[in-house]
Amino acid sequence: MKNLFTSIQFWFDYTVGYMLTKEYQRPLYHRRMWEKYGTRYCTKEDFDAYWKSVDDDPTSYYMNQDD
C-alpha cells in the first residue's frame, strides 16, 4: 500500500505540479522534483545539464525546505 501511495504522489507531482507551475518557475519545479525524487525523476547528468542551461540563477529566491 505504501508503494501505491508513493507512486501516486510521484505522478501527481510530476503531472499536476508541472501543469500548475508558471513558466518562469519551471527551473525551481525541476530542482524540487530532483531533490524530492532523485534518480526516479531523472538522471544526475540530465539534471546537471538542464541546470547549467538555465540562463539566470533561479535559486536567488529558492530555499530548500528540507534543511
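Everything here concerns the structure above.
So, here is what we can say about the structure in this document. Per chain, residues are indexed from 1 in the order of the written sequence. Since the coordinates come from a predicted model, pLDDT governs what is reported: local features require at least 70, and pairs of side-chain atoms require 80 or more to be given and counted, while whole-chain, interface and lining totals use all residues. Computation of side-chain values: all heavy atoms of the structure, hydrogens and water removed.

### With respect to the overall build of the protein chain
Working step 1: Numbering of helices and strands starts at the N terminus; helices are DSSP runs of H or I of at least 4 residues and strands are runs of E of at least 2. The helix and strand inventory of the protein chain stands at three helices and zero strands.
Working step 2: For the protein chain, the succession of helices and strands along the chain, N to C, is α-α-α.
Working step 3: When the 67 residues of the protein chain are sorted by exposure, 24% land in the buried category.
Working step 4: We call two residues in contact when some of their heavy atoms are within 4.5 Å. Across the protein chain, every contact between residues at least 6 apart in sequence was considered, and the portion connecting residues at least 24 apart equals 46%.
Working step 5: Counting only carbon and sulfur atoms, one obtains 56% of the accessible surface of the protein chain, whose full area is about 5400 Å². Buried residues are those whose accessible area, probed at 1.4 Å on protein chains only, stays under 20% of the maximum for their type, while exposed residues exceed 50% and partly exposed ones sit between those limits. Using a 1.4 Å probe, accessible areas were evaluated by the Shrake-Rupley method; residue-level cover was limited to the displayed protein chains.

### Brief notes about the nonpolar core
What tends to happen in soluble globular proteins is that the nonpolar side chains get buried as a cluster.
Working step 1: Here, nonpolar core means buried Ala, Val, Leu, Ile, Met, Phe, Trp, Tyr and Cys residues that are tied together by side-chain atoms lying within 4.5 Å of each other. Phe10, Tyr29, Met33, Trp34, Tyr37, Tyr41, Cys42 and Phe47 together form the largest nonpolar core, which totals eight residues.
Working step 2: In terms of residues, this core owes the most to one element, helix H2 (residues 26-37), which gives four residues.

### What to know about a nonpolar patch on the surface
Working step 1: Like charges are joined within 9 Å and nonpolar side chains (Val, Leu, Ile, Met, Phe, Trp, Tyr) within 5 Å, but only among residues with over 30% relative accessible area and no salt bridge; these make up the patches. Definition used for salt bridges: Asp or Glu carboxyl oxygen within 4 Å of a side-chain nitrogen of Lys or Arg. A cluster of nonpolar side chains, contributed by Met1, Leu4 and Ile8, occupies part of the molecular surface with about 380 Å² of accessible area.
Working step 2: With respect to the helices and strands, Leu4 occurs in helix H1 (residues 2-20).

### Observations regarding the environment of Tyr18
Working step 1: Tracing the sequence through the fold places Tyr18 in helix H1.
Working step 2: According to the relative accessible area criterion, Tyr18 is partly exposed, its value standing at 36%.
Working step 3: Sequence separation between Tyr18 and Tyr29 is 11 residues, and the spatial gap between their C-alpha atoms is 7.2 Å.
Working step 4: Apart from the residues within four sequence positions on either side, Tyr18 is in contact with Asp13, Arg26, Tyr29 and His30.
Working step 5: Within the local environment of Tyr18, its side chain forms a polar contact with the side chain of Arg26, the two groups lying 3.4 Å apart. Two N or O atoms form a polar contact when they lie within 3.5 Å of each other; inside protein one atom must be a possible hydrogen donor and the other a possible acceptor, and for residues adjacent in sequence the pair counts only when both atoms belong to side chains.

### Examining the pattern of salt bridges
Side chains bearing opposite charge may pair, as long as their charged atoms lie close to each other.
Working step 1: Applying the stated rule across the entire model yields four salt bridges.
Working step 2: A salt bridge links Asp13 to Lys36; the shortest N-O distance between them is 3.1 Å. Taken together, the residues Asp13 in helix H1 and Lys36 in helix H2 connect sequence positions 23 residues apart.
Working step 3: Asp13 sits in the buried class, given a relative accessible area of 10%.
Working step 4: Taking the relative accessible area as the measure of exposure, Lys36 reaches 40% and is therefore partly exposed.
Working step 5: Residues Arg31 and Glu35 are paired through a salt bridge, measuring 3.0 Å at the closest nitrogen-oxygen approach. One end of the pair is Arg31 and the other is Glu35, both in helix H2 and four residues apart, which spans about a single turn.
Working step 6: Put simply, Asp13, Arg32 and Lys36 are held in one network by salt bridges that share partners.

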